[in-house]
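# Residue-level structure breakdown
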Amino acid sequence: MSTTPLPVPASRTLILRGRSHRLLHWGDTDAPMLFLLHGWMDCAETFSFIAPYLARDWQLVAPDWRGFGHSQWNGGPYFFPDYLADLDALLETLSPDTPACIAGHSMGAMIAGLYAGARPERVERLALMEGFGLNATDPGQAPGRYARWLAEQRTPPAFQVPASLEVLAARLLARNPRMHAEHASLMARALTRGVDGALVYRADPWHKGVNPALYRLEEAKACWRAITCPVLWVMAGDEGEHPMAKGVLATLDARRACFARLSEVTIADAGHMLQWEQPAALAAALAGFFAQG
């Protein structure tokens, strides 16, 4: 099956809060901006497959989060609120006077959802793709979590190195069976780099480290209640495939009740990485939502 030709993005580097961040751009620089925020262990190229459809009307701006893709590593543990501050700095740089249209996937959606509650005046419209928060935690988990974090300070986490680009592409296809093979090859190249003849992930291994602070669902819900803009939930038709979805799915009603102006769409025949498996359908859902602004 043939695929839609992919436009070549422009690339630039911005210094945000003292760190180098790589950004990809698609579309006319005079068009309104739509910020696309990737998830954990991903990078800006993940939006390459929806770009052909959205770049007709939007200037797409996709950063690599710190420690992912081509952006600068911390070289040590990551503090989740830093992502909110990095997003704030990005918007202050590129859209200082105009509330932003933002679409985030997975971790990127969770960052955007918290940010939109903390800074509601800075967000015009928000699409959350497969990013509805994490499983609730219990304070009793704290001792074990801190113990694990302390152990990691002595022995930093590491990624298992993929044997080759072909092996990694095959792994991506196995996890995302509706993905085109050539798209899997593109992502395998985007997610890795060569070092001394070996293939390594571009992501900082410290991202595998446990967060010593427990996820507090009630705090996330308070942020969601503070959002004033329209919000679109984009859900995968095969949502239950994702291991993190189990506890989240059981509490979706309580989570969706936090959003004052919520609409939803489900992308059929797609798992968690819906931008890889059904890019045309996802782009259509996003285009319809953001065109209402």
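In what follows, the accompanying structure is described. These numbers come from a predicted model, not from an experiment.

On a plain count of helices and strands, the chain comes out with 11 helices and 10 strands. Taking 2.2 N^0.38 as the reference for a compact globule, 293 residues should give roughly 19 Å; the C-alpha atoms of the chain span a radius of gyration of 18 Å, in line with that estimate. Principal-axis analysis of the C-alpha atoms places the extent of the chain at approximately 50 × 45 × 40 Å. By residue count, 51% of the 293 residues in the chain fall in the buried class. Intrachain contacts of the chain at a sequence separation of at least 6 include 76% that bridge at least 24 residues.

It is worth spelling out the packing of helix H2 (residues 81-94) against helix H3 (residues 107-118) at this point. Contact pair H2 / H3: the axes reach a minimum separation of 9 Å and the direction vectors enclose 75 degrees. Put simply, H2 runs roughly perpendicular to H3. Facing Tyr83, Leu84, Leu87, Asp88 and Leu91 of H2, the residues of H3 in contact are Met107, Ile111, Ala112, Leu114 and Tyr115. Taken together, the residues of the contact of H2 with H3 sort by class into nine nonpolar, no polar and one charged.

A separate point is the side chain of Asp204. Structurally, Asp204 is set in the loop between strand S8 (198-201) and helix H7 (217-225). Although Asp204 lies buried, it forms no salt bridge, and the closest oppositely charged side chain, Arg19, sits 8.3 Å away as judged by the N-O distance. Ignoring any residue separated from it by four or fewer positions in sequence, one finds Asp204 in contact with Gly67, Trp73, Asn74, Gly75, Gly76, Tyr78 and Phe159.

Backbone hydrogen bonds hold the strands of a sheet together, and the pairing may be parallel or antiparallel. Judged by pairing direction, the sheet is mixed, and its eight strands sit side by side in the order S1-S2-S4-S3-S5-S6-S9-S10 without closing on themselves. Of all strands in the sheet, those with a lone pairing partner are strand S1 (10-16) and strand S10 (262-267), marking the two edges. When the angles between neighbouring strand axes are averaged without regard to direction, this sheet yields 25 degrees. Judged from the six bridges that link them, strand S9 (residues 231-236) and S10 form a sheet pairing that is parallel. Of the residues in S10, the one forming a bridge with Ala236 is Ile267. Where H3 meets the sheet, it contacts strand S3 (33-37), strand S5 (100-105) and strand S6 (123-129), and its direction lies at approximately 145 degrees from that of S6. In the packing of helix H11 (residues 279-290) onto the sheet, contacts are made with S3, S5, S6, S9 and S10, and the angle to S6 comes to roughly 155 degrees.

Attention now goes to the side chain of His21. Considering the arrangement of structural elements, one finds His21 in strand S2 (residues 19-26). Within polar-contact distance, the side chain of His21 engages the backbone oxygen of Arg19 at 3.0 Å. Excluding residues within four positions of it along the chain, His21 makes contact with Arg12, Thr13, Leu14, Leu16, Asp64, Trp65, Arg66, Ser71 and Asp86.

With that out of the way, let us pick up the packing of aromatic side chains. Following the criterion strictly, the structure yields eight aromatic pairs and no others. On the numbers, 6.0 Å between centres and 70 degrees between planes, the contact of Trp58 with Phe290 is edge-to-face. Residue Trp58 is found in the loop between helix H1 (51-54) and strand S4 (59-63), and its partner Phe290 is found in helix H11; the two are separated by 232 residues along the sequence. Exposure remark for Phe290: the relative accessible area of 2% places this residue in the buried category. Here the aromatic rings of Phe80 and Tyr83 are separated by 5.6 Å at their centres, their planes lie at 70 degrees, and the arrangement is edge-to-face. Grouping aromatic residues by their ring pairs yields a cluster made of Phe132, Trp224, Trp233 and Phe259. Here the guanidinium or amino end of Arg125 rests over the ring plane of Phe289, the centre of that ring lying 4.3 Å away.

With that settled, consider the pairing of S6. Among the seven residues in S6, six count as buried, and that is most of the element. Where S5 lies against S6, six bridges are found, and the strand directions are parallel. From the neighbouring strand, Gly104 faces S6, where its bridge partner is Leu128. With four bridges connecting them, S6 and S9 associate as parallel partners. Residue Met129 lies in a different strand from S9, and its bridge partner there is Val234.

Enumeration over the complete set of coordinates arrives at 15 salt bridges. Arg22 serves as the salt-bridge partner of Asp64, at 2.8 Å between the closest nitrogen and oxygen. Of this pair, Asp64 sits in the loop between S4 and H2 while Arg22 sits in strand S2, and the two are 42 residues apart along the sequence. A salt bridge links Glu277 to Arg178; its shortest N-O distance comes to 3.0 Å.

Bringing the nonpolar core into the picture now. Core analysis: the biggest nonpolar cluster contains 60 residues, and Ile102, Leu126 and Met187 have the highest contact counts within it. The contact partners of Met187, leaving out residues within four places of it in the chain, are Asp42, Cys43, Glu45, Thr46, Phe49, Leu172, Met179 and Trp276. Leu34, Cys101, Leu232 and Ala283 belong to the second-largest nonpolar core, a separate cluster that totals 29 residues.

Parameters at a glance
- Residues numbered from 1 in each chain as written.
- Predicted model: local features only at pLDDT ≥ 70, side-chain atom pairs only at ≥ 80, totals over all residues.
- Heavy atoms only, no water.
- Helix = DSSP H or I, 4+ residues; strand = E, 2+ residues; numbered from the N terminus.
- Rg over C-alpha atoms; globule rule 2.2 N^0.38 Å.
- Buried < 20%, exposed > 50% of the residue type's maximum accessible area, 1.4 Å probe, protein only.
- Contact = heavy atoms within 4.5 Å.
- Axes fitted to C-alpha atoms, helices over the stretch in contact; angles between N-to-C directions.
- Parallel < 35°, antiparallel > 145°, perpendicular 65-115°, else oblique.
- Nonpolar A, V, L, I, M, F, W, Y, C, P; charged D, E, K, R; others polar.
- Lys, Arg positive; Asp, Glu negative; His and termini not counted.
- Salt bridge = Lys/Arg side-chain N within 4 Å of Asp/Glu carboxyl O.
- Pairing = 2+ DSSP bridges.
- Polar contact = N/O pair within 3.5 Å; in protein donor to acceptor, adjacent residues only side chain to side chain.
- Phe/Tyr/Trp six-rings, centres within 6.5 Å; stacked < 30°, edge-to-face > 60°.
- Lys NZ or Arg CZ within 6 Å of the ring centre and 35° of its normal.
- Core = buried A, V, L, I, M, F, W, Y, C linked by side-chain atoms within 4.5 Å.

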